[in-house]
Amino acid sequence: MTTVAPANPRTDSRASRAVREEILYCCRESVRVGLNFNTQGNISVRLPGTHDGADAIVITPSDVRYDAMSVDDMVVVGLDGTVLEGDLLPSTELPVHLEHYLRRPDVQAIVHTESTFVNVLGALGRRIDPVLLNMVLYAKGPVETMPFEFSTNADFGRRSAELMGDAVNAVVWGNHGLLAVGTSLKLAFKVAVAVEENAEVLLRASAAGTPNVLVYDDIDVPEGARLP
Ligand SMILES: [Zn+2]
């Protein structure tokens, strides 16, 4: 008996076309709004229970221009690191994404960006304190900065996840960029945007005086309020 391969192998992918399209949108949007330049950054989304009952992720490929990237270029990888689908190499920071997913079951998506004001504070080794509402609502607290080290291995990923902790949704990699997480890709992207906007305002406000720092637990969000 012969097995006939499906005409379009992606139609039975663990990652739906909608998920792949949302990732591609966020990749292109990250360049448009100045969170990344050229092929910088990477994005992944958790695919619960799709790898023999365990979770997998779909992640952007390594070194592909976003304007040339297609939904079929993304790579599906088990949380154990097994490449399950895709013809291209996964992002070089795959081991870091995996460590963050392993530590935090609540994390459904990861957005890595290399935006300018995050990197100004990261190069100074400074923590990013929340001074804007969006930052405190989405990142949920001060974002710590890791000292510089090369970022493509699991040890780095474990330290990155440990420094982020379980309550905050982002961490700065000194001299490199930001890793933001969320319970959806939409929220992880909002975190990356909010931290960059906050970093710029924090830097400018600190130059002019002493900014008022917000504390997540002190924010009284009215019952039923829609978030900005
Ligand atoms: Zn990077």
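In this text, all values refer to a predicted model and were calculated from it rather than measured experimentally.

Rules and cut-offs
Residues numbered from 1 in each chain as written. Predicted model: local features only at pLDDT ≥ 70, side-chain atom pairs only at ≥ 80, totals over all residues. Heavy atoms only, no water. UniProt positions renumbered as here; feature names shortened; annotations may be inferred. Helix = DSSP H or I, 4+ residues; strand = E, 2+ residues; numbered from the N terminus. 1 Å grid on protein atoms, 1.4 Å probe; cavity = no way out; pocket = protein on both sides within 12 Å on 5 of 7 lines; lining within 4 Å. Points joined across faces, edges and corners; volume = space filled by probe spheres on them. Nonpolar A, V, L, I, M, F, W, Y, C, P; charged D, E, K, R; others polar. Buried < 20%, exposed > 50% of the residue type's maximum accessible area, 1.4 Å probe, protein only. Pairing = 2+ DSSP bridges. Core = buried A, V, L, I, M, F, W, Y, C linked by side-chain atoms within 4.5 Å. Contact = heavy atoms within 4.5 Å.

> Please provide a residue-by-residue account of the UniProt feature "domain: Class II aldolase/adducin N-terminal" (unreviewed entry) in the protein, values included.
According to UniProt, the feature "domain: Class II aldolase/adducin N-terminal" (unreviewed entry) maps to residues 21-203 in the numbering used here. Along residues 21-203, the helical share is 36% and the strand share 22%, with 34 Å between the first and last C-alpha atoms.

> Just give me the short version of the layout of surface pockets, but keep the residues and values in it.
Approximately 280 Å³ is the volume found for the largest pocket. Gly 41, Asn 42, Thr 92, Glu 93 and Glu 114 are, among the 22 residues lining the largest pocket, the residues nearest its centre. In this structure, the second largest pocket occupies an estimated 240 Å³ of space. Tyr 138, Lys 140, Asn 169, Thr 183 and Leu 187 are the residues nearest the centre of the second largest pocket, which is lined by 16 residues in total. The set of elements that each furnish at least two residues to the lining of the second largest pocket consists of helix H4 (133-138), strand E8 (177-182) and helix H6 (185-208). Within the lining of the second largest pocket, the residues separate by chemical class into 9 nonpolar, 3 polar and 4 charged.

> Break down the environment of Asp 220 for me, with residues and values.
Among the secondary structure elements, Asp 220 is positioned in the segment after H6. Since its relative accessible area comes to 71%, Asp 220 is described here as exposed. For the pair formed by Asp 220 and Ser 115, sequence separation is 105 residues and the distance between their alpha carbons is 30 Å.

> Help me get a handle on the pairing of strand E3 (residues 75-78), residues and values and all.
Residues Val 75 and Val 77 point to one face of E3 and Val 76 and Gly 78 to the other, with burial holding for every one of them. Two elements, strand E2 (residues 54-59) and E3, share 4 bridges in a ladder whose sense is antiparallel. Following the sheet pairing, Ile 57 is matched in E3 by Val 77. In this antiparallel pair of consecutive strands, E3 and strand E4 (residues 83-85), the connection spans 4 residues, and Gly 81 shows a positive phi of 95°.

> Before we move on, could you go through unusual backbone geometry and cite the residues and values that matter?
With a phi angle near 55°, Asn 38 is a residue other than glycine that sits in the positive phi range. Look at Asn 38 and you get exposed, because its relative accessible area is 56%. Positive phi, close to 60°, is recorded for Asn 175, a residue that is not glycine. With respect to the helices, strands and loops of the structure, Asn 175 is situated in the loop between strand E7 (170-173) and E8.

> Summarise the nonpolar core; cite the residues concerned and give the values.
In terms of nonpolar packing, the biggest core is built from 42 residues, with Ile 23, Val 58, Ile 128, Val 143, Leu 178, Leu 185 and Val 195 touching the most fellow members. With 8 residues, the top contributor of residues to this core is H6. Beyond its immediate sequence surroundings of up to four residues, Leu 185 is in contact with Glu 22, Ile 23, Cys 26, Ile 43, Val 45, Ala 109 and Val 111. By size, the runner-up hydrophobic cluster in this structure holds 18 residues, among which are Val 75, Leu 98, Met 164 and Val 181.

> Account for the pairing of strand E5 (residues 109-113), naming residues and giving values.
A regular strand places its side chains on the two faces of the sheet in alternate fashion. With 5 of its 5 residues buried, E5 lies for the most part within the structure. Going residue by residue along E5, you find Ala 109, Val 111 and Thr 113 tucked away on one face and Ile 110 and His 112 tucked away on the opposite face as well. As paired strands, strand E1 (residues 42-51) and E5 are joined by 4 bridges and run antiparallel to one another. Each bridged residue has a counterpart across the sheet, and for Ser 44 the counterpart in E5 is Ile 110. Taken together, the 5 bridges between E5 and E8 define a ladder with antiparallel strand orientation. Paired with Ala 109 across the two strands is Gly 182, which belongs to E8.

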